[in-house]
Amino acid sequence: MPGLEALPTSTVLAGARDIPDRVADALRDAIARGLLNDGTELNQVALARHYGVSRVPIREALRQLQAEGFVRAERNQRTVVAGLSDADLMEILELRELLDGHLATRAASRVTASATRRLRATARQMGLLRGDQVERWAALHVALHTQINQLSGAVLTIATAQALAARGQRYLVAVGPGNSLDDARLQTASAEHDDLVDAVCSGDPEWAGEAAREHVARARARVATTLAQRRTP
């Protein structure tokens, strides 16, 4: 099991006024990307040495991550990466279905010509990719949903949706396609996003909200199937 040596080499943070936030951001990203496994101990001394700072901002960063559910405190003042059960992951996706629907509803009511061009351009790029370009497809997927979210203007909902997405990301990667998608699955995924973009760009809030909820519901069903198959001897 990888430990803190899995953390990316970091620029020294000493002297920065927002050290706790920057440490929290770095650790949150590492956890979300699956660089730190569930149960990995986050030793304050080792982290302080890694980031070139004192233990004070490390403690503040860990408290922040604990409040967000990324880490948990154990006996003997140990802090470890918190895990999610299958039920937790499914609940996150259920909440994402509600939140994404709300964000798309608002986005459709605020859509502009320039926003429409950006959304369609991103969806078009996704549709041109091959099955072995999963990393690029994933980046465009994030960009597309970020554009829709930002268009909604719902700051608090966006923050909540992003936090949930970050908590579930490493698990979704683990049950995902790995380094490649077959062409049929890629075409299906691109078609789903084309439908979502059409709904948002239509300016019809009801259609957009329903399209977003259906989009997440399909993903939730695929994850549920994969999890069930993994539990089958």
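Residues numbered from 1 in each chain as written. Predicted model: local features only at pLDDT ≥ 70, side-chain atom pairs only at ≥ 80, totals over all residues. Heavy atoms only, no water.

Trainee: For this particular structure, what's the right way to read empty space enclosed by the protein?
Mentor: Rolled over the atoms, a probe with the dimensions of a water molecule shows which regions are left empty. Counted according to the given criterion, the structure contains one cavity of 30 Å³ or more. By volume, the largest cavity amounts to about 60 Å³. Along the walls of the largest cavity sit Asp-100, Leu-103, Ala-104, His-145, Ile-148, Asn-149, Leu-196, Ala-212, His-215 and Val-216, which together make up its complete lining. For the lining of the largest cavity, the secondary structure elements donating two or more residues are helix 4 (86–110), helix 6 (134–152) and helix 9 (205–231). Tallied by class, residues from the lining of the largest cavity come to six nonpolar, three polar and one charged. (1 Å grid on protein atoms, 1.4 Å probe; cavity = no way out; pocket = protein on both sides within 12 Å on 5 of 7 lines; lining within 4 Å. Points joined across faces, edges and corners; volume = space filled by probe spheres on them. Helix = DSSP H or I, 4+ residues; strand = E, 2+ residues; numbered from the N terminus. Nonpolar A, V, L, I, M, F, W, Y, C, P; charged D, E, K, R; others polar.)

Trainee: Looking at this structure, I do not really get the packing of helix 4 against helix 6. What am I missing?
Mentor: A pair of packed helices is captured by two measures, namely the crossing angle of their axes and the spacing between those axes. Contact pair helix 4 / helix 6: the axes reach a minimum separation of 7 Å and the direction vectors enclose 65 degrees. Compared by their axis directions, helix 4 and helix 6 come out roughly perpendicular. Considering how the two elements wind past one another, helix 4 and helix 6 form a crossing that is left-handed. Facing Asp-100, Leu-103, Ala-104, Arg-106, Ala-107 and Arg-110 of helix 4, the residues of helix 6 in contact are His-145, Ile-148, Asn-149, Leu-151 and Ser-152. (Axes fitted to C-alpha atoms, helices over the stretch in contact; angles between N-to-C directions. Parallel < 35°, antiparallel > 145°, perpendicular 65-115°, else oblique. Left-handed = near helix turned anticlockwise from the far one by under 90°. Contact = heavy atoms within 4.5 Å.)

Trainee: Could you clarify how one ought to interpret the nonpolar core in this entry?
Mentor: Within the largest apolar cluster, 23 residues are counted, with the highest numbers of intra-cluster contacts made by Leu-119 and Val-200. Broken down by secondary-structure element, the contributors of at least two residues to this core are helix 4, helix 5 (113–127), helix 6, helix 8 (183–201) and helix 9. Here this core gets seven residues from one element, more than from any other, and that element is helix 8. What Val-200 contacts, discounting residues up to four positions off in sequence, is Ala-104, Ala-107, Ala-108, Val-111, Leu-119, Ile-148, Leu-151 and Ala-208. With 22 residues, the next largest nonpolar core counts Ala-24, Ala-30, Val-81 and Ala-166 among its residues. (Core = buried A, V, L, I, M, F, W, Y, C linked by side-chain atoms within 4.5 Å. Buried < 20%, exposed > 50% of the residue type's maximum accessible area, 1.4 Å probe, protein only.)

Trainee: Got a minute to help me understand helix 6 in this structure?
Mentor: Taking 1.5 Å as the rise per residue, helix 6 with 19 residues should run 27 Å; its terminal C-alpha atoms sit 27 Å apart, in good agreement. Directly after helix 6, the chain includes Gly-153, whose backbone phi takes a positive value near 75 degrees. (Expected span 1.5 Å × (residues − 1).)

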